[in-house]
Amino acid sequence: MKVGVIGAGSIGLLFASYISKVFDVTIYSRTKDQAYQINENGILMRKKAVVKQSSVKALPISAWKGTEDFTIVTVKQYQLSAVLEVIKHLSILPNNLLFLQNGMGHIKLLEEIKGINLFVGTVEHGALKENAFTVSHNGEGATNVALFKGDFSFLQSFATGVPSDFPIHVQEDYYSMLMNKLIVNAVINPLTSILHVKNGELIQNKYFFRVLTNLFDEISFILNLDHPEEHLRQVIEICKKTAENRSSMLKDIEANRLTEVDAILGFILEEANKQEKQAPLLENVYHFIKGKEPAKGGVL
């Protein structure tokens, strides 16, 4: 099977490294220079004290023709519109597309893509891009995927074929899958970014934990969660499991990049507006993050 990976950030490099063990992988980067470095060095994946090299083909995104059997889109939410514009101008429709973005902002965008199999997913792994061709696998987890629209069978086939040490779990309902991840991201990511702490600090510091529970309660109220205690338990478990990890939003803030706050907190604030509910804490947290972002937008 030929697989394309769009985006050569931490998640793109991580996926390309693992699945290249069993599939023919081409990774598409924003710049020609990064593609050149990957072609020269391969992808180096660091896991604890072990470094493994994977040989993959790399090309700039401008060279993507959509001809692979399966394409995994790993760019950030705010970069997705540019990828969708590329898709619109391809001479042929891609066969199967899997989108791995945080939040829920991409759902409206994916509705615009017609006539092909579309899948969405969430990533539980912790990864850090060290340079153009090196990624550190800091936290082991799994990838959850689900059908957005089209034919389900191909997704199941792909998930079955990936390496056993990089599991992909197929879920029945894409909305609940994305919503579960959204709740976790909406609590952990912005708070760690504002406080500049690792995930575990949110539950280890009693004052930070008080803010965590207050923010969660407001989110639960807006999203009308049926069993909020279960979702809060999941947030706490993720903080424990990834205690030494730095959230993706914190990494973006530290690197002076745009964040995915609009797709995460922005989505929940839209829900609050629709229901005419007040969300003072959530709104303040949202504006704190926006205030930390660079003034101008980013690119792929």
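It should be noted that the structure appears before, not after, this text.
Just so you know, these numbers come straight off a predicted model, no measurement behind them.

Criteria and thresholds
Residues numbered from 1 in each chain as written. Predicted model: local features only at pLDDT ≥ 70, side-chain atom pairs only at ≥ 80, totals over all residues. Heavy atoms only, no water. Helix = DSSP H or I, 4+ residues; strand = E, 2+ residues; numbered from the N terminus. Rg over C-alpha atoms; globule rule 2.2 N^0.38 Å. Buried < 20%, exposed > 50% of the residue type's maximum accessible area, 1.4 Å probe, protein only. Contact = heavy atoms within 4.5 Å. Areas by Shrake-Rupley, 256 points an atom, 1.4 Å probe, with all protein chains shown as cover. Lys, Arg positive; Asp, Glu negative; His and termini not counted. Charge placed at Lys NZ, Arg CZ, Asp CG, Glu CD. Pairing = 2+ DSSP bridges. Axes fitted to C-alpha atoms, helices over the stretch in contact; angles between N-to-C directions. Right-handed = clockwise from strand over helix to strand, strands pointing away. Core = buried A, V, L, I, M, F, W, Y, C linked by side-chain atoms within 4.5 Å.

S.K.: For the overall build of the protein, give the residues involved together with the corresponding values.
M.R.: Looking only at helices and strands, the protein has twelve helices and twelve strands in total. A globule of 300 residues ought to have a C-alpha radius of gyration of about 19 Å, and the protein, at 19 Å, matches this closely. In terms of overall dimensions, the protein has C-alpha extents of about 50 × 45 × 40 Å along its principal axes. Looking at the 300 residues of the protein, the share that counts as buried comes to 53%. Relative to all contacts within the protein whose residues are 6 or more apart in sequence, the contacts with residues 24 or more apart total 70%. Summing over all exposed atoms, the protein offers an accessible surface of approximately 13,800 Å²; the carbon and sulfur share of this is 50%. Here the protein contributes 31 positive and 32 negative side-chain charges, whose respective centroids are spaced 6 Å apart.

S.K.: Provide a residue-level description of the sheet that holds strand β1 (residues 2-6), including the pertinent values.
M.R.: Note: strands within a sheet are paired through backbone hydrogen bonds, in either parallel or antiparallel orientation. Read from one edge of the open sheet, eight strands run β5-β2-β1-β6-β7-β8-β11-β12, paired in mixed fashion. Strands at the two margins of the open sheet, each flanked by one partner only, are β5 (57-60) and β12 (168-170). Across the sheet, the axes of successive neighbouring strands diverge by a mean angle of 25°, strand direction being ignored. Packing against the sheet, helix α2 (residues 32-41) makes contact with β2 (24-29) and β5, and its axis sits at approximately 170° to β5. Its contacts with the sheet place helix α5 (residues 153-161) against β1, β6 (70-73), β7 (96-99), β8 (117-123), β11 (143-149) and β12, and it is angled at close to 150° to β12.

S.K.: Would you mind going over the pairing of β2 in detail, with residue names and values included?
M.R.: Moving residue by residue along a regular strand, the side chains alternate between the two faces of the sheet. When you tally the buried positions in β2, you get five out of six residues, the bulk of the element. Note that β1 and β2 share five bridges and pair parallel. Residue pairing in the sheet places K2 in a bridge with D24 of β2. One crossover worth recording links β1 to the parallel β2 by way of helix α1 (residues 10-19), and it is right-handed. Direction of pairing for β2 relative to β5: parallel, over a ladder of four bridges.

S.K.: Account for the sheet that holds strand β4 (residues 50-54), naming residues and giving values.
M.R.: Strand order in the open sheet formed by four strands is β4-β3-β10-β9, and the pairing between neighbours is mixed. Only two strands of the sheet have a single partner each, and these edge strands are β4 and β9 (126-131). Between one strand and the next, the sheet's axes are offset by a mean angle of 25°, whatever the strand orientation. Relative to strand β10 (residues 134-139), strand β3 (residues 43-47) is paired through three bridges, and the arrangement is parallel.

S.K.: Go over the nonpolar core with me, naming the residues and quoting the values.
M.R.: Nonpolar side chains tend to gather and get buried jointly when the protein is soluble and globular. Among the nonpolar cores identified, the biggest contains 57 residues, and F99, I268 and L282 are the most heavily contacted of them. What I268 contacts, discounting residues up to four positions off in sequence, is L182, A186, I219, I222, L223 and L282.

These figures come from the coordinates and say nothing about function on their own.
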